[in-house]
Amino acid sequence: MALKILDSCINCDMCDPECPNGAITLGANIYEIDVDKCTECIGHYDQPTCVSVCPIDCVKPDLDHVEDEDALLAKFVRLHG
């Protein structure tokens, strides 16, 4: 499943440069994750880097965009060939 950044985000800018898919951008108030680009770092890393670098633990699974590992890997292939 894709990830999302909660409203508790403090805009620390730790997650944005860590995303290998360019899925994280600064929104109107907080950073946001584009579900069409988020692969939870499958194809790049063992764990989502945004989760590991977030100092306040505000990156969580997006229950509105549930995807299994095969779907995330297919998205990785679509994004990166």
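Residues numbered from 1 in each chain as written. Predicted model: local features only at pLDDT ≥ 70, side-chain atom pairs only at ≥ 80, totals over all residues. Heavy atoms only, no water.

### Here we look at helix α2 (residues 69-80)
And step 1. When the terminal C-alpha atoms of α2 are compared, their 16 Å separation across 12 residues agrees well with the 16 Å that a helix rising 1.5 Å per residue should span.
And step 2. Of all the residues in α2, the buried ones are L72, K75 and F76. In a view along the axis of α2, the buried residues occupy a sector of 105°, so they form one face of it. Exposed side chains of α2 directed beyond 90 degrees from the buried face belong to D70 and R78.
And step 3. Where α2 begins, the capping side chain belongs to D68, and its oxygen is found 3.2 Å from the backbone nitrogen of D70.
And step 4. With its phi angle positive at about 75°, G81 sits one or two positions after the end of α2. (Helix = DSSP H or I, 4+ residues; strand = E, 2+ residues; numbered from the N terminus. Expected span 1.5 Å × (residues − 1). Buried < 20%, exposed > 50% of the residue type's maximum accessible area, 1.4 Å probe, protein only. Arc of directions from axis to C-beta. Polar contact = N/O pair within 3.5 Å; in protein donor to acceptor, adjacent residues only side chain to side chain.)

### Points about the pattern of salt bridges
And step 1. Scanning all chains against the criterion turns up two salt bridges.
And step 2. Between E67 and K75 there is a salt bridge, with the nearest N and O atoms lying 3.0 Å from each other.
And step 3. Judged by its relative accessible area of 23%, E67 falls in the partly exposed class.
And step 4. For K75, a relative accessible area of 4% puts it in the buried group. (Salt bridge = Lys/Arg side-chain N within 4 Å of Asp/Glu carboxyl O.)

### Some details on the side chain of T49
And step 1. Considering the arrangement of structural elements, one finds T49 in helix α1 (residues 49-53).
And step 2. Once you skip the residues sitting within four places of it in the chain, T49 turns out to touch E18, C19, P20 and C41. (Contact = heavy atoms within 4.5 Å.)

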